[in-house]
Structure formats: C-alpha cells, structure tokens
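This is what each chain is made of:
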Amino acid sequence: MQSKRKVNQSRFAPKRVDSREANHGRIVSIPKEGQCLDAVQLGRLEQAFRKWADDSPREDVRNARQRILIIFLLIRFTGAKLNEVLALNPVEDIDIKGNAVVLHNSDADKDNKHRRVQISETLSKEIQAVLSKPFLQESPLDLFDIDPGFVRRKFYERAQDCGFPKRLGGPEMIRKARAVEMMQGNLPLPAVQKMLGHSTPNLTSSYVSFSADDIEQVTKLFMDREAARKTSARNSFFGKIQAIQRGDIQSRVVLTTISGYSITTVITNDSLELLALKEGRLITAEVKAPWVILHGGDEEPKCSAENRFNGVVERISKGQVNTEYSVRIADGTVLCAVVSTESAQCLSIEPGEQVWALFNCFSVVLHLE
C-alpha cells in the first residue's frame, strides 16, 4: 500500500510547458549540470559571503564587506547584472516598504528601460539595516560606489572558498544560476523574463497569459515562499539528494542541506517512484516534533538515530502533560521537540544549555519543491 505519510504532492500542480512551446533560450539557456551553481550551492556561497562579511575585528572592514554582501544578495535574488546593481540609487531605487528594487535596464530596449523587481521582506530589512549604519547616513549613494573589478575579485574569492570553480562565482554566472533556480522553482516564464529585463516571450495559447499585475503578484508569492524556506522553518531542512539506495521494499535517501548537514530518510519504493526522486533533485525534509528526541550534554550520543544535531535550547514551554523545547542548531534551523512533562523533569535541561536533537530515518517526511 502507498505510504501517505511520505507523500505530499500538491493537488494543484503547475501545468508543465513543453520545451518546444516556450523559448527558454530567450530568457537564459539552461546549462548542463555543473555548468552553474544550483540552489544548494548558491546557499553555501551566500553563507560564505555572510561569514566573510562579519569575520574582521575592524569595523571599517566589516562595513566595506557588508556593501559587497548586499551587492551579492541583490544579484543573487533579483538576477540583475552587476552594472545594474552598481547603478542603483539606494534612496530612489530601493522601495523598503514595498519590498522591491527598481533596476535600470542596461540593454538598448526603449520599451523596457526600467523594471521593478520584487524582493523578500527579509532582504528589504537587511538592506535597510546597512543603509542605517553611521558610515552611510550622510552619503547613502556610497553604498554601490565600488569598482566593478574589485567586486568581481571578491565574488571569485568567495566561490573558491567554497571549493567551487572561480568562474562559477562571477556575477554573470550568479545571474544565470538565479534564472535557472527560478524556472526550476516553477516561477512562470513571463515573470522570470521580466526580472531579467528581457521582452515578454511569445507563448502558445496552451500557456497562461499573465498581465503585469499578475506577474508582480506571482513573483511576490514566489519570493515569500522562498524566503520562508531559506530562513529555516521549524523542523524543516532544504537540500539536494546526494544518494539513493534502493532495497526490495523501501529505499534509503540521503540529502545534503545548504549548510552541509546530512539527512537520512527511508521511504517506500512506491513513494520513490511516485515522487520521481533522483540524485541531484532539490527537496525539503521535515520531521514532526514528537519524533525529535533530546539528549543532554556536549558529547555526541552513541545511538541508532541516523540524524543527530548539536544545538542550544532557546525556549522551554512547560505544560501539565507535555513540554515543548526549541533548539537552534548551528545554521539557524530551529528544531522543536515535544516530550512528556515527566520526561522533561528527568532531562533537567535549561534554556541556554547545549543538547543533541536526534531523530531516526523513519521519522523524516519528504516534500517536493
């Protein structure tokens, strides 16, 4: 019998478009695997930028690096060209309240000189935080007043820090990777093309027609969903399938998260085929709170649970029957565990203490992206 616990397919899956009906090449050619960074690798690169931006004892150096980080994030999440980002006026072109950026098209397209691109609320707040720093208060235009050659060098360095080929970290390749990521995330082609600053493609009548308002709304929904995923929802891990070991009845699936964690799950072969899982596919793994087991202490416990994460207890909510623990692990993901209040008394764990959060491979539910 099909395992319903392991399958979470949308009843309203987006209609597939035959590659012969939609000219992807007019947006960006979809490269073969390894020719641009995938979503998980982009996440690792973002983490490398963030670590580098904070990794200096000197405030002036951190401020300078924050500017490079914001440039990366804008290219990463808008698909803009480097010269378009460097041409931004932070006061006039960044709509913090509306969560949008107005880019000035560098191509000679008289009908599409400017484009408004939606960004997540999280990115808006991050840009606002940088603009509010003292060193930019008097001259906010300095935020993007940086030599493009210097920016490129820093992009290449961060890519090499992650072990990626230098060329994959260039602004143009980040833009291309973003376009591929959005298309693979089922953002409608007109929306992707609008973000990149190209003309609207001529789609056949079999594809949905989108107005300008439709495109802006669907892009906003896409950004909100993506931001929720990347800000590490409770008990949720986004990653890429690294290995599949097929058995006679069930299969073992191993995925690697953006932060480099390994998650192991076991699902039925029927679920494996129904979800069409294969190595390299992006997927979300979730585990319910009652299936998370806590173990106090710094030393990694020796147990049969395949998935083990060290973290810090942030919050404890005690009830008469059950007690809920919130544990934040190194990458910011919050794991919620629910235990009986009687067991909680035996654990004697307090907020701020280090614990291990454990769950076995049968507790993990996979969701298609």
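Because the structure is a prediction, the values reported are computed rather than measured.

J.: Give a detailed account of the overall build of the protein chain, specifying residues and quantitative values.
T.: The secondary structure content of the protein chain amounts to 11 helices and 13 strands. Counting every position in the protein chain, which comprises 369 residues, the buried fraction comes to 47%. Taking contacts inside the protein chain between residues at least 6 apart in sequence as the whole, the part at least 24 apart equals 65%.

J.: Summarise unusual backbone geometry; cite the residues concerned and give the values.
T.: Residue N99 is not a glycine yet carries a positive backbone phi of 55°. Among the secondary structure elements, N99 is positioned in the loop between β1 (94-95) and β2 (100-104). Phi at A276 is positive, roughly 55°, even though this residue is not glycine. Here A276 shows up in the loop between α10 (269-274) and β7 (282-287).

J.: Can you tell me about the pairing of strand β9 (residues 307-318), naming the residues and giving the values?
T.: Relative to strand β12 (residues 354-359), β9 runs antiparallel, the two sharing six bridges. Opposite G311, over in β12, you have V355 as the bridge partner. The sheet contact formed by β9 and strand β10 (residues 322-329) spans seven bridges and is antiparallel. Its bridge partner being in β10, K318 is matched across the sheet by T323.

J.: A description of the packing of helix α1 (residues 39-54) against helix α2 (residues 59-78) should follow, citing residues and the corresponding values.
T.: Following both chains from N to C, one finds α1 and α2 inclined at 165°, their axes separated by 8 Å at the closest point. When the interaxial angle is binned, α1 and α2 end up roughly antiparallel. Our pair here, α1 against α2, has a crossing hand that is left-handed. Mapping the contact onto sequence places A39, L42, L45, E46, F49, R50, W52, A53 and D54 in α1 and R62, R65, Q66, I68, L69, F72, L73, R76 and F77 in α2. Grouping the amino acids of the contact of α1 with α2 by side-chain chemistry returns 11 nonpolar, one polar and six charged.

J.: Please provide a residue-by-residue account of α2, values included.
T.: Residues lying three or four places apart along an α-helix face the same way, a consequence of the helix completing one turn every 3.6 residues. For α2, with 20 residues, the first-to-last C-alpha span of 28 Å sits near the 28 Å given by 1.5 Å per residue. Counting buried positions over the 20 residues of α2 gives 14, a clear majority of the element. Where α2 terminates, the next one or two residues include G79, which has phi positive at roughly 70°.

J.: Can you explain the sheet that holds strand β8 (residues 293-296)? Please cite residues and give values.
T.: Judged by pairing direction, the sheet is antiparallel, and its five strands sit side by side in the order β8-β12-β9-β10-β11 without closing on themselves. If you trace the sheet from one side to the other, it starts and ends with β8 and β11 (334-340), each paired once. On average, each strand axis in the sheet is tilted by 45° relative to the strand beside it, whichever way the strands run.

J.: Explain the sheet that holds β1 to me, and be specific about the residues and the numbers.
T.: Judged by pairing direction, the sheet is antiparallel, and its three strands sit side by side in the order β1-β2-β3 without closing on themselves. Two strands in the sheet have a free side with no partner beyond their single neighbour: β1 and β3 (114-118). As judged from the two bridges shared by β1 and β2, these two strands associate in the antiparallel manner. Its bridge partner lying in β2, D95 is registered against A100.

J.: Help me get a handle on the pattern of salt bridges, residues and values and all.
T.: Overall, the coordinates contain 18 salt bridges when judged by the stated rule. Notably, a salt bridge pairs R76 with E181, separated by 2.6 Å at the nearest N-O pair. On the criterion of sequence distance, the pair formed by R76 in helix α2 and E181 in helix α7 (residues 171-184) is long-range, its members being 105 residues apart. On the basis of relative accessibility, which here comes to 0%, the residue R76 falls in the buried class. A salt bridge links E157 to K154; the nearest nitrogen and oxygen atoms lie 3.4 Å apart. Within this pair, E157 and its partner K154 are both found in helix α6 (residues 148-161), separated by three residues, close to a single helical turn. Taken together, the shared-partner salt bridges in this structure form one network comprising K154, E157, R158 and D161.

Conventions used here
- Residues numbered from 1 in each chain as written.
- Predicted model: local features only at pLDDT ≥ 70, side-chain atom pairs only at ≥ 80, totals over all residues.
- Heavy atoms only, no water.
- Helix = DSSP H or I, 4+ residues; strand = E, 2+ residues; numbered from the N terminus.
- Buried < 20%, exposed > 50% of the residue type's maximum accessible area, 1.4 Å probe, protein only.
- Contact = heavy atoms within 4.5 Å.
- Pairing = 2+ DSSP bridges.
- Axes fitted to C-alpha atoms, helices over the stretch in contact; angles between N-to-C directions.
- Parallel < 35°, antiparallel > 145°, perpendicular 65-115°, else oblique.
- Left-handed = near helix turned anticlockwise from the far one by under 90°.
- Nonpolar A, V, L, I, M, F, W, Y, C, P; charged D, E, K, R; others polar.
- Expected span 1.5 Å × (residues − 1).
- Salt bridge = Lys/Arg side-chain N within 4 Å of Asp/Glu carboxyl O.

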